[in-house]
Amino acid sequence: MYTIDNYKSNIRFNEQYEEIYLFLSKSADKGYNEHFHWARFEWMMCHSFLDVDALTYIAIFRDSSGEIVGLITFDTSYKDRAYIIHAVSDKELLSAMVEYVVEKGSSVKVNSQDTALIEVLQEYHFHNRGKADCVLEFDLENDLQYVIPYGYSISPEHFEIDNRKYQLVIHKGFDNDGIPEKWSDELLKPSAHFNSDLKIFALDLSKEYCSHCGIWYTHGATAYIEPVATVPQCRKLGLATAVVYEAMARAKKSGAKRAIVISDQNFYHRIGFKESSEYDTWTR
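Only a predicted model underlies this, so the values are computations on that prediction, with no experimental measurement involved.

J.: Give a detailed account of the pattern of salt bridges, specifying residues and quantitative values.
T.: The tally for this structure, following the rule as stated, stands at 12 salt bridges. Among the salt bridges present, the one from Lys-91 reaches Glu-123, with a minimum N-O distance of 2.8 Å. With Lys-91 in helix α3 (residues 91-104) and Glu-123 in helix α4 (residues 115-123), this pair connects stretches of sequence that are 32 residues apart. Of the residues examined, Glu-123 reaches a relative accessible area of 40% and is grouped as partly exposed. A salt bridge links Lys-131 to Asp-264, with the shortest nitrogen-to-oxygen separation between them at 3.3 Å. Here Lys-131, found in strand β6 (residues 127-139), pairs with Asp-264, found in the loop between β11 (258-262) and α8 (266-270); they are 133 residues apart in sequence, far enough to count as distant. Here Asp-264 falls in the partly exposed class, since its relative accessible area comes to 40%. Overlapping salt bridges bring together Asp-5, Glu-19 and Arg-62 as one network.

This is the structure in structure tokens:
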């Protein structure tokens, strides 16, 4: 028998968050849940576009001992991105989770390796609508040497981050127009597992931020890359490769064995990433 808790409020980091982090860090480090690593959940919680009013949609499934064995969540906006993450493949649990999704009217993103969940979805008349995205991985035993172009440098460990410059490199790096309003105090609070040494920047001679890679790692095998951005005028110089390799090198130093990214961009294939798994969109 399983019980269901919903995320209790529109507070990003409430008392349930740490439980979810621990659940995901065990269940989504590798395997059929790897497309929703704990860092993807934390990145979502930190994101300025998060639909905080929808947080109560998140459902936590517990076994008879009170342990989390399943999670239904979304990524920024629940309307088009429901994810079913489960630690056990018990059919009773999976059926209860699918019924929750049916009641809410969501589509589901499902790892193609998750055969147990796929079987239950088919019983509930869900159909595979095609590839949504994939997980690329980089074996950190591979060479991580890189060249930084003349006139640029990489932010050192214990670098004091200028939050406005950080915001602008992401804003411009994702080809947004204009100048954004400054992040609110809520968004500037350190996230629950924040490590500033894993936020890497390429700087020009005037110390402007030209490229950025964030990598999320606390323990386990897998470090998660999110985001990578380079301002338009500094592209095709090798800066993105430099910040990604530096980020992975620091994660490796902390104990990571591999790095993953949710993307199928040619850039990652070109610098040595290989496909680990893909996930598809399933709808009724």
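J.: Give me the lowdown on the packing of α3 against α4, citing residues and values where you can.
T.: Running from N to C, α3 and α4 cross one another at 55 degrees; their axes reach a closest spacing of 10 Å. Between α3 and α4, the crossing angle belongs to the class labelled oblique. Regarding α3 and α4, the two cross each other, and that crossing is right-handed. Contacts between α3 and α4 pair Lys-91, Leu-94, Ser-95 and Val-98 from the former with Ala-116, Leu-117, Val-120, Leu-121 and Glu-123 from the latter. Here the residues of the contact of α3 with α4 are counted per class, giving six nonpolar, one polar and two charged.

J.: With reference to specific residues and values, describe the packing of aromatic side chains.
T.: This structure, assessed with the given rule, holds 18 aromatic pairs. Where Tyr-17 meets Phe-41, the ring centres are 5.6 Å apart and the plane angle is 10 degrees; that geometry is what we call stacked. Taken together, the residues Tyr-17 in helix α1 (residues 17-27) and Phe-41 in helix α2 (residues 38-46) connect sequence positions 24 residues apart. With 4.5 Å between their ring centres and 35 degrees between their planes, Phe-201 and Tyr-209 make a pair best called tilted.

J.: For the nonpolar core, give the residues involved together with the corresponding values.
T.: Counting 52 residues, the largest nonpolar core has Leu-24, Phe-41, Met-45, Ile-58 and Ile-72 as its most contacted members. Leu-24 has contacts with Asp-29, Phe-36, Trp-38, Phe-41, Leu-71 and Ile-85, leaving out every residue within four places of it along the chain. Core analysis: the second largest hydrophobic core is formed by 42 residues, Tyr-209, Cys-213, Ile-215 and Val-243 among them.

J.: Tell me about α2, residues and numbers included.
T.: Extensive coverage of α2 is indicated by the burial of eight of its nine residues. Residues Trp-38, Ala-39, Arg-40, Phe-41, Glu-42, Trp-43, Met-44 and Met-45 constitute the buried set of α2.

J.: Hey, could you go over unusual backbone geometry for me, with residue numbers and the actual values?
T.: The omega torsion across Glu-226 and Pro-227 is -5 degrees, close enough to zero to call that bond cis. Position of Pro-227 among the secondary structure elements: in strand β10 (residues 222-230). Positive phi, close to 60 degrees, is recorded for Asp-175, a residue that is not glycine. In this fold, Asp-175 is placed in the loop between α5 (163-173) and α6 (185-188). Positive phi, normally seen in glycine, also occurs at Lys-236, with a value near 65 degrees. Lys-236 sits in the exposed class, given a relative accessible area of 88%.

Criteria and cut-off values
- Residues numbered from 1 in each chain as written.
- Predicted model: local features only at pLDDT ≥ 70, side-chain atom pairs only at ≥ 80, totals over all residues.
- Heavy atoms only, no water.
- Salt bridge = Lys/Arg side-chain N within 4 Å of Asp/Glu carboxyl O.
- Helix = DSSP H or I, 4+ residues; strand = E, 2+ residues; numbered from the N terminus.
- Buried < 20%, exposed > 50% of the residue type's maximum accessible area, 1.4 Å probe, protein only.
- Axes fitted to C-alpha atoms, helices over the stretch in contact; angles between N-to-C directions.
- Parallel < 35°, antiparallel > 145°, perpendicular 65-115°, else oblique.
- Left-handed = near helix turned anticlockwise from the far one by under 90°.
- Contact = heavy atoms within 4.5 Å.
- Nonpolar A, V, L, I, M, F, W, Y, C, P; charged D, E, K, R; others polar.
- Phe/Tyr/Trp six-rings, centres within 6.5 Å; stacked < 30°, edge-to-face > 60°.
- Core = buried A, V, L, I, M, F, W, Y, C linked by side-chain atoms within 4.5 Å.

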